[in-house]
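Take a look at the letters that make up each chain.
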Amino acid sequence: SPHGFGHATRAAAVMAAVQTRRPTVRCEIFTTAPEWLFAETLPGPFGYHEIPTDVGLVQRTPLQEDARATVAALDAFYPLDPDLVDRLAARLAALGCRLVVSDIAPLGIAAGRRAGLPAILQENFTWDWIYAAYDREVPGLRRHALYLGGLFAGDQSTVLVSMGGLSA
């Protein structure tokens, strides 16, 4: 996800290190971070697929988050649409992907698992942990923290559970 470019630049650094060691590795990048960032960073081939993969925190300024706007954005994005997860899983398979490395974006983990691929979460925090810190201030974040906690933990049923019950 492109939060402040931090996650995108970290992911680009990891991809660049892999491509330096194995120049034939092609990376398929699913993000809303700008393509030029990867073009300027990666020494090897890559595909760029513009798609929102995460909400994170909505921010008013670079240093001030908006927890209530974050809840509204999360409500629009989660639970993950099973059709979207299926489409992305099919795309991963069609591209010949063999591994999904997701820099904090839960959608990558869900799509990778659905495609039957190893899915690695590269992170120094998870959104469920961040949202839990806002529980008293903005109770609406709790349901998203629980949902994402299940997804990060590998609970496949989480992808199909809405905030109020089954969405199947």
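Residues numbered from 1 in each chain as written. Predicted model: local features only at pLDDT ≥ 70, side-chain atom pairs only at ≥ 80, totals over all residues. Heavy atoms only, no water.

A. Looking closely at the side chain of Q19. As for its position among the elements, Q19 is in helix 1 (residues 6-21). Side-chain polar atoms of Q19 contact the backbone nitrogen of G44, separated by 3.0 Å. Aside from chain neighbours lying at most four places away, what touches Q19 is V25, R26, C27, L42, P43, G44 and P45. (Helix = DSSP H or I, 4+ residues; strand = E, 2+ residues; numbered from the N terminus. Polar contact = N/O pair within 3.5 Å; in protein donor to acceptor, adjacent residues only side chain to side chain. Contact = heavy atoms within 4.5 Å.)

B. Examining the pairing of strand 2 (residues 46-50) more closely. By the criterion of burial, strand 2 is predominantly enclosed, with 4 of the 5 residues buried. For strand 1 (residues 27-31) and strand 2, the ladder comprises 5 bridges, and the chain directions are parallel. For E28, the partnering residue across the bridge sits in strand 2 and is G47. With helix 2 (residues 35-41) bridging strand 1 and the parallel strand 2, this β-α-β connection has right-handed handedness. (Buried < 20%, exposed > 50% of the residue type's maximum accessible area, 1.4 Å probe, protein only. Pairing = 2+ DSSP bridges. Right-handed = clockwise from strand over helix to strand, strands pointing away.)

C. Representation of unusual backbone geometry within the structure. Cis rather than trans, the peptide bond between Y78 and P79 has omega equal to 0°. Relative to the helices and strands, P79 is located in the loop between helix 3 (67-77) and helix 4 (82-94). Even without glycine at this site, I104 takes up a positive phi of about 70°. Along the chain, I104 falls in the loop between strand 5 (100-103) and helix 5 (106-114). For I104, a relative accessible area of 0% puts it in the buried group.

Taken by themselves, the reported measurements are silent on function.
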